[in-house]
Amino acid sequence: MISVVADYAPCIALRRKVFIEEQGIAEPDEIDDLDDQAIHLLAVIKGRPVGTARLLIDGEIGKIGRICVLPDQRGTGLGKALVEAGIAYLRDIPGVKKAKLGAQDHAIGFYAKLGFEPVGPFYDDAGIPHRDMVLAL
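Computed from a predicted structure; not experimentally measured. (Residues numbered from 1 in each chain as written. Predicted model: local features only at pLDDT ≥ 70, side-chain atom pairs only at ≥ 80, totals over all residues. Heavy atoms only, no water.)

J.: Help me out: how do you make sense of the packing of aromatic side chains in this one?
T.: Aromatic rings in a pair are described by how distant their centres are and how their planes are angled relative to each other. Enumeration over the complete set of coordinates arrives at two aromatic pairs. Here the aromatic rings of Phe-110 and Tyr-111 are separated by 5.0 Å at their centres, their planes lie at 75°, and the arrangement is edge-to-face. Exposure remark for Phe-110: the relative accessible area of 35% places this residue in the partly exposed category. Note on Tyr-111: relative accessible area 8%, which makes it buried. With 6.3 Å between their ring centres and 75° between their planes, Tyr-111 and Phe-116 make a pair best called edge-to-face. Exposure class is identical for Tyr-111 and Phe-116. Each is buried. By way of ring pairs, the aromatic residues Phe-110, Tyr-111 and Phe-116 are connected into one cluster. Its guanidinium or amino end placed over the ring of Phe-122, Arg-131 lies 5.5 Å from that ring's centre, counting from NZ or CZ. (Phe/Tyr/Trp six-rings, centres within 6.5 Å; stacked < 30°, edge-to-face > 60°. Buried < 20%, exposed > 50% of the residue type's maximum accessible area, 1.4 Å probe, protein only. Lys NZ or Arg CZ within 6 Å of the ring centre and 35° of its normal.)

J.: Honestly, unusual backbone geometry in this entry has me stumped. Any pointers?
T.: Glycine aside, residues mostly have negative phi angles, and peptide bonds mostly take the trans form. Positive phi, normally seen in glycine, also occurs at Lys-46, with a value near 50°. Tracing the backbone shows Lys-46 in the loop between strand 2 (39-45) and strand 3 (48-58). Phi is positive for Ala-126, which is not a glycine, with a value near 55°. With respect to the element layout, Ala-126 can be found in the loop between strand 6 (117-125) and strand 7 (128-136). (Helix = DSSP H or I, 4+ residues; strand = E, 2+ residues; numbered from the N terminus.)

On their own, these measurements won't tell you what the molecule is for.
Listed below in structure tokens is the structure:
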């Protein structure tokens with residue numbers, strides 16, 4: 001089950017495990033001052049947090065970011081469900097017309113299947129090649 005949570009400590013714990021421990025991203029690059037203003041989605045299965053994403057609103061753009069799923073839940077459709085939950089949430093916010101995300105190079109095809117289109121050049125984010133992708137809402 002995916003829900004919006006006010007207490008986002010489990011989301012930070014998941015991001016720490018996936019991004020910092022698994023992918024080697026430096027903590028200052030992952031845990032930032034935007035978490036306090038973000039909308040946090042948390043996926044829980046049998047009481048266990050297994051995936052998360054955060055949403056940030058900037059005018060007409062809703063950014064979906066920090067999407068992560070624990071290794072044992074990858075390939076189950078949970079990542080897709082998190083992105084779709086983010087899109088659905090953004091569609092309900094008046095004035096938000098586009099969803100945007102920064103896709104890791106290896107995940108561009110995954111997001112393209114969900115309707116996102118690449119825009120702009122590749123860029124480095126925490127040592128990992130990324131490309132922005134957008135979806136009209």
